[in-house]
Amino acid sequence: MTSALSDGMHVEQYLQVDGGTFNISGVQGDCVDVSATKDPLDEFNGQTFINAGTFVLNVAADDTKGIKSESDMAFNGGSITATVSGNGAKGISAGTHLTVSQAQGGSTTIKMNVTGTTYMPGDATLESKCRGIKVKGDMTFAGGFIDISATAACSITAADR
């Protein structure tokens with residue numbers, strides 16, 4: 001996918017990837033957005049499982065993510081390379097917990113290049129800082145390779161001084 005006015009891939013309920021190649025660029029929303037359904041009893045609701053495959057993600061827009069999951073996110077193989085720029089940009093955003101590991105004989109590679117500053121839409125509760133990886137719960141790292149470059153300009157207002 002080379003361009004979209006919103007998310008490159010928007011998945012309701014859950015995403016499981018066991019192989020293949022995903023090239024997503026030029027979108028105005030998140031490259032990959034996994035959201036939960038309204039039924040909390042739905043299986044793996046809002047979760048992401050990457051077991052293999054290759055993701056090449058490129059987005060330049062405010063408050064966007066390379067890959068976002070509303071709930072748990074687990075990488076157990078595969079390769080993700082994301083270039084994300086914009087105010088409040090994030091390479092990976094996990095709504096609850098993030099686990100990075102690798103299956104025996106496999107490899108997990110995560111490379112993030114994120115640039116931007118604080119996203120300030122006028123409502124302090126919606127402000128969001130630029131991050132390589134953001135996890136709202138616990139992060140477990142049990143194997144693999146993570147390379148993050150996050151460059152954020154400091155945004156200081158008179159009220160911050």
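Caption draft 1: Highlighting the overall build of the chain. Counting secondary structure elements, the chain contains zero helices and 13 strands. Shown N-terminal to C-terminal, the secondary structure of the chain runs as helices and strands in the order β-β-β-β-β-β-β-β-β-β-β-β-β. Computed over C-alpha atoms, the radius of gyration of the chain comes to 16 Å, within 12% of the 15 Å expected from 2.2 N^0.38 for 161 residues, which places it in the range of a compact globule. Referenced to the eigenvectors of the C-alpha coordinate spread, the extents of the chain come out at roughly 55 × 35 × 35 Å. Every one of the 161 residues in the chain was classed for burial, and the buried ones make up 40%. If you take every contact in the chain between residues at least 6 apart in sequence, the share linking residues at least 24 apart comes to 72%.

Caption draft 2: Focus on a positive patch on the surface. On the surface, a cluster of positive charge is contributed by Lys 129, Arg 131, Lys 134 and Lys 136. Mapped onto the fold, Lys 129 is located in the loop between strand E10 (108–116) and strand E11 (131–135). We classify Lys 129 as partly exposed; its relative accessible area is 48%.

Caption draft 3: Quick peek at the environment of Val 59. When you line up the elements, Val 59 lands in strand E4 (residues 47–60). By relative accessible area, Val 59 is classed as buried at 1%. Taking the C-alpha atoms as reference points, Val 59 and Ser 25, separated by 34 residues in sequence, lie 5.7 Å from one another. When residues no more than four places from it in sequence are discounted, the contact partners of Val 59 are Val 27, Gly 29, Cys 31, Thr 64, Lys 65, Thr 83, Val 84 and Ser 85.

Caption draft 4: The sheet that holds strand E1 (residues 9–12), seen in detail. Here we have five strands laid out as an open sheet, ordered E1-E3-E5-E8-E11, and parallel in their pairing. The sheet terminates laterally at E1 and E11, the two strands that pair on one side only. Going from strand to strand, the sheet's axes swing by 10 degrees on average, the running direction of each strand aside. Where E1 meets strand E3 (residues 32–35), four bridges bridge the pair, whose relative direction is parallel. Each bridged residue has a counterpart across the sheet, and for Val 11 the counterpart in E3 is Val 34.

Caption draft 5: Structural context of the confidence of the model for the chain. For the chain, the mean per-residue pLDDT works out to 89, and 91% of the residues sit at or above 70. In the predicted structure, residues 155–161 sits below a pLDDT of 50 and forms six contacts with residues beyond four places in sequence or in another chain.

Caption draft 6: The packing of aromatic side chains, seen in detail. Counted according to the given criterion, the structure contains four aromatic pairs. Both rings, one in Tyr 14 and one in Phe 49, keep their centres 6.5 Å apart while their planes meet at 75 degrees; by these two values the pair is edge-to-face. Here Phe 49 lies in strand E4 and Tyr 14 lies in strand E2 (residues 14–27), a separation of 35 residues in the sequence. We classify Tyr 14 as partly exposed; its relative accessible area is 29%. Grouping aromatic residues by their ring pairs yields a cluster made of Tyr 14, Phe 44 and Phe 49.

Basis of the calculations
Residues numbered from 1 in each chain as written. Predicted model: local features only at pLDDT ≥ 70, side-chain atom pairs only at ≥ 80, totals over all residues. Heavy atoms only, no water. Helix = DSSP H or I, 4+ residues; strand = E, 2+ residues; numbered from the N terminus. Rg over C-alpha atoms; globule rule 2.2 N^0.38 Å. Buried < 20%, exposed > 50% of the residue type's maximum accessible area, 1.4 Å probe, protein only. Contact = heavy atoms within 4.5 Å. Patch = residues over 30% accessible without salt bridge, like charges linked within 9 Å, V, L, I, M, F, W, Y side chains within 5 Å. Areas by Shrake-Rupley, 256 points an atom, 1.4 Å probe, with all protein chains shown as cover. Salt bridge = Lys/Arg side-chain N within 4 Å of Asp/Glu carboxyl O. Lys, Arg positive; Asp, Glu negative; His and termini not counted. Charge placed at Lys NZ, Arg CZ, Asp CG, Glu CD. Pairing = 2+ DSSP bridges. Axes fitted to C-alpha atoms, helices over the stretch in contact; angles between N-to-C directions. pLDDT = per-residue confidence, 0-100. Phe/Tyr/Trp six-rings, centres within 6.5 Å; stacked < 30°, edge-to-face > 60°.

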